[in-house]
Amino acid sequence: MEVSCAFPTALSSPDDIALAESLGYARAWVYDTPQQSPDLWMTLALAAERTERIGLGPGVLVPSLRHPMVNAAATATLAALAPGRVAVAFGTGFTGRRAMGYRAITWAFMASYIRAYRGLLRGEVVEWDGAQMRMLHPDGHAPARPVDVPVLIGALGPKGHEVARELGDGLYVTLQLPEFISEYSWVPYLAWGTVLEDGEAPDSDHARVAGGPGWALAYHGAYEFGGPDAVRRLPGGAEWMAVVEEAPAPQRHLAIHTGHCVHLNDADRAAWHAGGHAMLPDVTISGTRAQVRRRLDDLASHGVTEIVFQPCGPDTRGELERFLDAANS
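Residues numbered from 1 in each chain as written. Predicted model: local features only at pLDDT ≥ 70, side-chain atom pairs only at ≥ 80, totals over all residues. Heavy atoms only, no water.

### A short note on the overall build of the chain
Phase 1: Scanning the chain from N- to C-terminus turns up 13 helices and 11 strands.
Phase 2: Taking 2.2 N^0.38 as the reference for a compact globule, 329 residues should give roughly 20 Å; the C-alpha atoms of the chain span a radius of gyration of 20 Å, in line with that estimate.
Phase 3: Based on the C-alpha atoms only, the size of the chain along its principal axes is roughly 60 × 45 × 35 Å.
Phase 4: For the chain, with 329 residues in total, the buried portion stands at 54%.
Phase 5: Considering only contacts in the chain between residues 6 or more positions apart, those separated by 24 or more positions represent 68%.
Phase 6: About 14,000 Å² of surface is accessible on the chain, with carbon and sulfur atoms providing 51% of the total.
Phase 7: Placing the 26 positive and 38 negative side-chain charges of the chain at their respective mean positions leaves the two points 4 Å apart. (Helix = DSSP H or I, 4+ residues; strand = E, 2+ residues; numbered from the N terminus. Rg over C-alpha atoms; globule rule 2.2 N^0.38 Å. Buried < 20%, exposed > 50% of the residue type's maximum accessible area, 1.4 Å probe, protein only. Contact = heavy atoms within 4.5 Å. Areas by Shrake-Rupley, 256 points an atom, 1.4 Å probe, with all protein chains shown as cover. Lys, Arg positive; Asp, Glu negative; His and termini not counted. Charge placed at Lys NZ, Arg CZ, Asp CG, Glu CD.)

See the structure below:
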């Protein structure tokens, strides 16, 4: 299983990706979350200039945020800057849309978008939004078409599976493993967590800042996919909901997604201190080196071919080093 990393796109991400390359990580993915991040294509271009080997790509692009021509042109640019190192993943917008108050896009829209996007990279005339178009870049403005870049699809259910099977080169997954995972030869799995020292408590300060942001996704995801009742069934869920419901209903998504994948927000902290921290080993890849290694072996046995680890907290180097050490032990 390859060991890759991910970053919630930040101004430090190009340097973080260069660090990950020096440590031996296979690939670096960055998030398409414009409500809390700098532009991911600018970030990846800077990372391409500062690296030589590591794979680069958005994990995941949210189609509704850009016209397919914009993403196709950006993909071609990155492919020219980092030839042979680019892969692109698409998703329906867990953070990239829900944190702005929208629901996820439909899989029908996703399929139409990817067909147009891939057609443009092949140099074809495609129809989008009632108009016919083609990449017209002269020599020196983009690589000659076709631009061959692998495309992965973030799918968990049957509709996504159909799109991934028809239009994708692999499956990009997080939070859970779909039952159809064995049908794909390339399956990156995005995960959070932290390597704890032997005897370190799961509610230590280190566990909270390094593992907490990934742990908090259990509450964010439960709310978005199951509603308040699903959250209240979690340890600390009632305390989490009490904080969220202080916000006006039209702005509640702001209270939920503030700090998403970066730090604990007020609701997350309330849940953590109310006992929710006990879930850390269950909902993230957190534990001693031996425990992390066993979790990775289990993921590999279920069909994951690439673990994608997102470090959190102030010590990015330390988190990357410890996780890679556990993965290779």
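### Description of the sheet that holds strand S11 (residues 306-309)
Phase 1: With parallel pairing, the six strands of this open sheet are ordered in space as S3-S2-S1-S11-S10-S9. Each edge of the sheet is formed by a strand with only one pairing partner; in this case those strands are strand S3 (55-58) and strand S9 (173-174). (Pairing = 2+ DSSP bridges.)

### Let's talk about the pattern of salt bridges
Side chains that differ in sign of charge can pair as their charged atoms come close.
Phase 1: A complete count under the given rule lists 21 salt bridges for this structure.
Phase 2: For Glu183, the salt bridge identified is with Arg165, shortest N-O distance 3.8 Å. With Glu183 in the loop between S9 and strand S10 (188-191) and Arg165 in helix H5 (residues 158-167), the pair connects residues that are 18 residues apart, well separated along the chain.
Phase 3: The exposure class assigned to Glu183 is partly exposed, which follows from its relative accessible area of 49%.
Phase 4: Note that Arg232 is salt-bridged to Asp229, the shortest N-O span being 3.7 Å. In this pair, Arg232 and Asp229 both sit in helix H7 (residues 228-232), three residues apart, roughly one turn of the helix.
Phase 5: For Arg232, a relative accessible area of 38% translates into the label partly exposed.
Phase 6: Given the relative accessible area of 52%, Asp229 is considered exposed. (Salt bridge = Lys/Arg side-chain N within 4 Å of Asp/Glu carboxyl O.)

### What to know about the pairing of strand S2 (residues 27-30)
Phase 1: Of the two faces of S2, both are covered, the one formed by Arg27 and Trp29 as well as the one formed by Ala28 and Val30.
Phase 2: Across three bridges, strand S1 (residues 2-7) lies against S2 in parallel orientation. By the bridge assignment for S2, Cys5 is matched with Ala28.
Phase 3: Taken together, S2, helix H2 (residues 40-49) and S3 form a β-α-β motif whose crossover is right-handed. (Right-handed = clockwise from strand over helix to strand, strands pointing away.)

### Quick word on the nonpolar core
Phase 1: Within the largest apolar cluster, 71 residues are counted, with the highest numbers of intra-cluster contacts made by Tyr25, Phe90, Ile307 and Phe323.
Phase 2: Looking at this core, the element that brings in the most residues is helix H4 (residues 107-121), giving nine residues.
Phase 3: Counting residues in each nonpolar core, the second largest holds 19 residues, with Ala222, Ala271, Trp272 and Leu280 among its members. (Core = buried A, V, L, I, M, F, W, Y, C linked by side-chain atoms within 4.5 Å.)

### So, unusual backbone geometry
Phase 1: Here the residue pair Gly59 and Val60 is connected by a cis peptide bond, since its omega of 15° sits within 30 degrees of zero.
Phase 2: Mapped onto the elements of the fold, Val60 is located in the loop between S3 and helix H3 (68-81).
Phase 3: Of the consecutive residues Arg145 and Pro146, the connecting peptide bond is found in the cis state with omega at 5°.
Phase 4: Structurally, Pro146 is set in the loop between strand S6 (131-133) and strand S7 (151-153).
Phase 5: Its identity is not glycine, yet Asp129 carries a phi of approximately 55°, on the positive side.
Phase 6: As for its position among the elements, Asp129 is in the loop between strand S5 (126-128) and S6.

### Some remarks on the packing of aromatic side chains
Phase 1: If you walk through the whole model with that rule in mind, you get 12 aromatic pairs.
Phase 2: A centroid spacing of 5.0 Å and a plane angle of 90° characterise the contact between Trp215 and Trp272, whose relative ring orientation is edge-to-face. Residue Trp215 is found in helix H6 (residues 205-226), and its partner Trp272 is found in helix H10 (residues 266-273); the two are separated by 57 residues along the sequence. For the pair formed by Trp215 and Trp272, the shared burial category is buried.
Phase 3: Of the aromatic side chains, those joined through ring pairs into one cluster are Phe90, Phe109, Tyr113, Tyr117 and Trp128. (Phe/Tyr/Trp six-rings, centres within 6.5 Å; stacked < 30°, edge-to-face > 60°.)

### Some thoughts on helix H1 (residues 13-23)
In an α-helix, one full turn covers 3.6 residues, which means residues spaced three or four apart are oriented alike.
Phase 1: Here H1 has its buried residues at Ser13, Pro14, Asp16, Ile17, Leu19, Ala20 and Glu21.
Phase 2: Where H1 is buried, its residues touch S1, S2, H2, S3 and helix H13 (316-327).
Phase 3: The first or second residue beyond H1 is Gly24, which carries a positive phi of 115°.

### Observations concerning the side chain of Arg85
Phase 1: Mapped onto the secondary structure, Arg85 falls in the loop between H3 and strand S4 (88-90).
Phase 2: For Arg85, which is buried and forms no salt bridge, the nearest opposite charge comes from Glu21, at a distance of 4.3 Å.
Phase 3: There is a polar contact of 3.4 Å between the side chain of Arg85 and the backbone oxygen of Ala48.
Phase 4: Engagement of the side chain of Arg85 in a polar contact is seen with the side chain of Thr51, the distance being 2.9 Å.
Phase 5: With residues up to four places along the chain from it excluded, the contact list for Arg85 reads Glu21, Ala48, Thr51, Glu52, Arg53, Ile54, Gly55 and Leu56. (Polar contact = N/O pair within 3.5 Å; in protein donor to acceptor, adjacent residues only side chain to side chain.)

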